[in-house]
Structures are given as structure tokens and as C-alpha cells.
Amino acid sequence: MDSHSDEQLMLAYVAGDVTAFESLYARYRGPLYRFILRRVKDPATANDMYQGSWEKIIKSRRTYRQEVPFKAWMYRIARNHVVDYFRRAPPPADEDVVELADTAERPDQLLEQVEAAAALARAIAQLPDEQQEALLLKLEGGLDLHEIADVTGVSVETAKSRLRYALAKLRPLLQDPDKPAGNIHAQA
Amino acid sequence: MRRRNDQFNEAEAELDVSVVQAIYSGLSTAEPPALLDQAVLNLARRESERTHERRINTRHWIAALSTTCVLALSLGLLMHRGESPPGSSGAESSKTKRLQPAAAEQEHDELRAMHDQAAPLPEQSTVGAAAPMEAQPAAPAEPAAAGIMKSKLAKSVDSTGDPDAWLQRILQLQQAGDAAQLATELQAFRAAYPDYPLPQALQD
């Protein structure tokens, strides 16, 4: 099953093969969960959103078409689910991302790297919503510009510009990881 | 110049993405709780089974519907057959019944037409088969239809118009022992040439 493409697995599941879905789920459970968690910034809400997203994916499986990359289709469903949630409850302003690297679980990791990752997570959390969404789709989902544009429902140029602004805001942090995230946001 | 700047920005952005990606990969550890995994997988399984059951139910429904249709059709045919008189078979017999009077009427019309044509025969010397009849005395009165039938038969058998040749053929039939054909031919000959003398062998 691992040698099959996402699209083949999805079609196999639509035809009734549950093991195909299990393989597909194993591929995307982490990335999709982190994408949602970093968007909603609250583990309990992220759990609800995550389960709801998969529920929508499963229930709308018959609408899936092989021509569309599964990854983009899946992220579009999850993204729309999160957008619906934000319409009801606006996103929290400047909350810290809760799932920072756990040094206790990885004692071999250098402290600087962990701190840099934590600073990045904070900086991403402070990005404007659309830029954050585009960047997370790129970093977590591994989507290209066309797929990001497709998932977010904008033109490729707009998606490109959002991504570029997001990276520009993160650049000071990349040059000086000790710089507080608040300053990065202020410079943008 | 501007294009060169764009290219530079593209390369710079790519570099930024790869650096951010490297730092980000050190961060990405969060995963969904095992219970959530189980819930999603159970849902996927349930939905798949439900679809499978729905497919089976649809097949059962189609089979049941087909059986009902076949039964209804059979019952309808049986009931229709029960209404028809014994010995006739449903729609076919009623169709035959409808056709029979029409056929009889057509036959009657045909005979009438033939009678109309046959009536002035004695006066028409140009008709081939009727020519020898002119020389003969008038035929005894016969019912019109029977006469027409006979002349029709005579016409059909005696295509040569030569009574001697016809009698020869009849004698050949007698020698061959074909009694049925002999009787038919003889009757037709007598109808066509009532006063023509028959050979001794045929007078019995």
C-alpha cells in the first residue's frame, strides 16, 4: 500500500478498501493535525477541528476526483472547516503556540535549536491570518504555490505574495533568533 | 533591472523557505492523540461498511422488484387467458377471431369480382381458355360460385388450351396410379370441356 499514490489510495477507499484509508491516514495524520493546531492555537479546539475535518473528508469521499491531488483536496476541506470555525469564533490574537518542542523527550537536541524553533513557532503564530495560512500550507502540507492558491481560493500571484510577505517578516528572526517575536510582528 | 531584482527575490525567498523549513522540522512534533486516531479510523470503517450494506440493499431491492414484476406479469397473463374461451390462446385467438371475418369477406369480394368477370365469358371470343367453349352448347346452369371455381380450376390446370394434350396427361396420371390427382384433373377437365368426349379408359 505504501507504494501507491495518495490518489490511488483514496480511490481504493471510495471503492470500499478500508486498509487504503488507513495508509492514507497514516501519511497525513501528523501534518494535518499540526496545520490545524497552529491555525487554531488551542489543542482542544484543534482536536475537534481535526476530527471534523476527517469526518468531512470521509463523508465527501464520493465527490473526490482523481485529477485533483488528494493533498490539496484534503487541505482545502480542513482549511474551510477552520475558516467556518473562525467565523463563529475569531482566532485568538497573540497566543503562544502550545506544542513547542519538548526538550524532555529529546535530550540530545541542542538548546539553541529548540529555542530557534520555539521562536519560529511564536513568529508564525503572530503572522497575519492569510500569510500564516499560506506559510503553514507550505511548511506543513508541502503544497506548492498552485496548490496553496487552489486551497485558499486565490490566484497564484496572491498566494505567492502572501508567502513572500510572511517570509519577509520571519527574516529578522532567521538572522537573529534571539530577537523577540513581537518585534518581528511590529516590523511587518 | 527589475527582472533581475525579481529573480533575486525569488532566490532569496526559496532560501528563506528552506531555512524556515529546517527550523520548522525541528519543531513539528505534535500529533493527534491516539483516541482521535481511533475515532477517525472507526468512522472510516463504519462509513465504508454502511456504503457496502447500502449497495447490498440496493441489489436486494432490485431483485425483489424484478421478481414482483415477473410475478405480476405472469399473473396478468394467466388471468387474461382465463377470460378467453377454452381452446383459444389469449390475445392470439382474439386476433384470429378478428381476422377471420375480414378474410372471409375478402374472399367473398374476390369471388364476386370473378363472377362478374366470368359472366360475359361466352360472348368474349378473345379469351384463350373460353374459345373452345364458344363452339360448345351452353353449359348447364350451375350455381355461380361453383362455376367460377371450376373455371378457375380449369384455367389453372389447362394452361395449353389443348383438350387432347390435357387428356393425355390425365391418362398418364391414371397409368401412374395417382387417383387423387386423377380425380382432380378429370373434374377440372369436365368443368372446362363438359361435352368433350372422354376416352374409354376415363369413362369409368
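Structure report, in brief. (Residues numbered from 1 in each chain as written. Chains lettered and ligands numbered in written order. Predicted model: local features only at pLDDT ≥ 70, side-chain atom pairs only at ≥ 80, totals over all residues. Heavy atoms only, no water.)

Topic: the overall build of chain A
From N to C terminus, chain A includes 9 helices and 0 strands. Walking chain A from its N terminus toward its C terminus, one meets helices and strands in the order α-α-α-α-α-α-α-α-α. Counting only residues that meet the buried cut, chain A has 49% of its 188 residues in that class. In chain A, the share of contacts with a sequence separation of at least 24, taken over all contacts with a separation of at least 6, comes to 61%. (Helix = DSSP H or I, 4+ residues; strand = E, 2+ residues; numbered from the N terminus. Buried < 20%, exposed > 50% of the residue type's maximum accessible area, 1.4 Å probe, protein only. Contact = heavy atoms within 4.5 Å.)

Some points on the side chain of T152 of chain A
Considering the arrangement of structural elements, one finds T152 of chain A in helix α7 (residues 145-152). Side-chain polar atoms of T152 of chain A contact the backbone oxygen of I148 of chain A, separated by 2.6 Å. (Polar contact = N/O pair within 3.5 Å; in protein donor to acceptor, adjacent residues only side chain to side chain.)

Here's the deal with helix α2 (residues 18-40) of chain A
All names here are of chain A. Of all bends in α2, the biggest is about 45 degrees, found at Y28, and the proline P31 comes one to four residues later. Across the 23 residues that make up α2, a large majority, 19, are buried. Positioned one or two residues after α2, K41 has a phi angle of 65 degrees, which is positive. (Bend = angle between axes of the 7 residues up to and from the residue.)

Considerations on a positive patch on the surface
A surface patch of positive charge is lined by R62 of chain A together with R54, R55 and R59 of chain B. Within the secondary structure, R62 of chain A is located in the loop between α3 (43-59) and α4 (70-88). (Patch = residues over 30% accessible without salt bridge, like charges linked within 9 Å, V, L, I, M, F, W, Y side chains within 5 Å. Areas by Shrake-Rupley, 256 points an atom, 1.4 Å probe, with all protein chains shown as cover. Salt bridge = Lys/Arg side-chain N within 4 Å of Asp/Glu carboxyl O. Lys, Arg positive; Asp, Glu negative; His and termini not counted. Charge placed at Lys NZ, Arg CZ, Asp CG, Glu CD.)

Section: the nonpolar core
Residues and elements named next belong to chain A. Of all hydrophobic cores here, the largest spans 64 residues; its most connected members are F21, L32, I36, Y50, W54 and L135. Sort the elements by how many residues they give to this core and α2 lands first, with 11 residues. Shared between two domains, this core takes at least three residues from each, and those domains are domain 1 (1-93) and domain 2 (101-188). Each residue touching I36, except ones within four places of it in the same chain, is listed here: K41, A46, M49, Y50, S53, A78 and V82. (Core = buried A, V, L, I, M, F, W, Y, C linked by side-chain atoms within 4.5 Å. Domains from an automatic or database assignment.)

Describing the interface of chain A and chain B
The partner chain B presents 30 residues to the 44 residues of chain A that form the contact. Here chain A packs against chain B, burying approximately 3400 Å² in sum over the two surfaces, 62% of which is carbon and sulfur. Applying the counting rule to chain A against chain B returns 4 salt bridges. For D37 of chain B, the salt bridge is made with R29 of chain A, and the minimal N-O distance between the two is 2.8 Å. Remark: the boundary between chain A and chain B carries 13 residue pairs in polar contact (both at pLDDT 80 or more). Residue contributions to the side of chain A that touches chain B peak at 10 residues, all from α2 of chain A. In the side of chain A that touches chain B, the residues fall into 24 nonpolar, 5 polar and 15 charged. (Buried area = accessible area lost by both parts, 1.4 Å probe. Nonpolar A, V, L, I, M, F, W, Y, C, P; charged D, E, K, R; others polar.)

Some thoughts on the environment of L173 of chain B
All names here are of chain B. For L173, the location among the structural elements is in helix α6 (residues 163-176). Measuring from C-alpha to C-alpha, the distance between L173 and A183 comes to 9.4 Å, with 10 residues separating the pair along the chain. If near-sequence neighbours (up to four positions away) are discounted, L173 is found in contact with D178, Q181, L182 and E185.

Considerations on the packing of aromatic side chains
For the structure shown, the criterion picks out 18 aromatic pairs over all chains. Three or more aromatic residues link up through ring pairs in this structure, and these residues are Y13, F21, Y25, Y33, Y50 and W54 of chain A. (Phe/Tyr/Trp six-rings, centres within 6.5 Å; stacked < 30°, edge-to-face > 60°.)

Here we look at the pattern of salt bridges
Throughout the structure, instances matching the rule amount to 16 salt bridges over all chains. R29 of chain A is the salt-bridge partner of E31 of chain B, the closest N and O atoms lying 3.1 Å from each other. Of this pair, E31 of chain B sits in the loop between α1 (2-27) and α2 (34-83) while R29 of chain A sits in helix α2, on two different chains. E31 of chain B gets classed as partly exposed once you look at its relative accessible area, which sits at 43%. Looking at R29 of chain A, the relative accessible area reads 17%, which means it is buried. Of the charged contacts, one joins R79 of chain A and E133 of chain A as a salt bridge, the two residues approaching to 2.7 Å between their closest N and O atoms. Taken together, the residues R79 of chain A in helix α4 and E133 of chain A in helix α6 (residues 129-139) connect sequence positions 54 residues apart.

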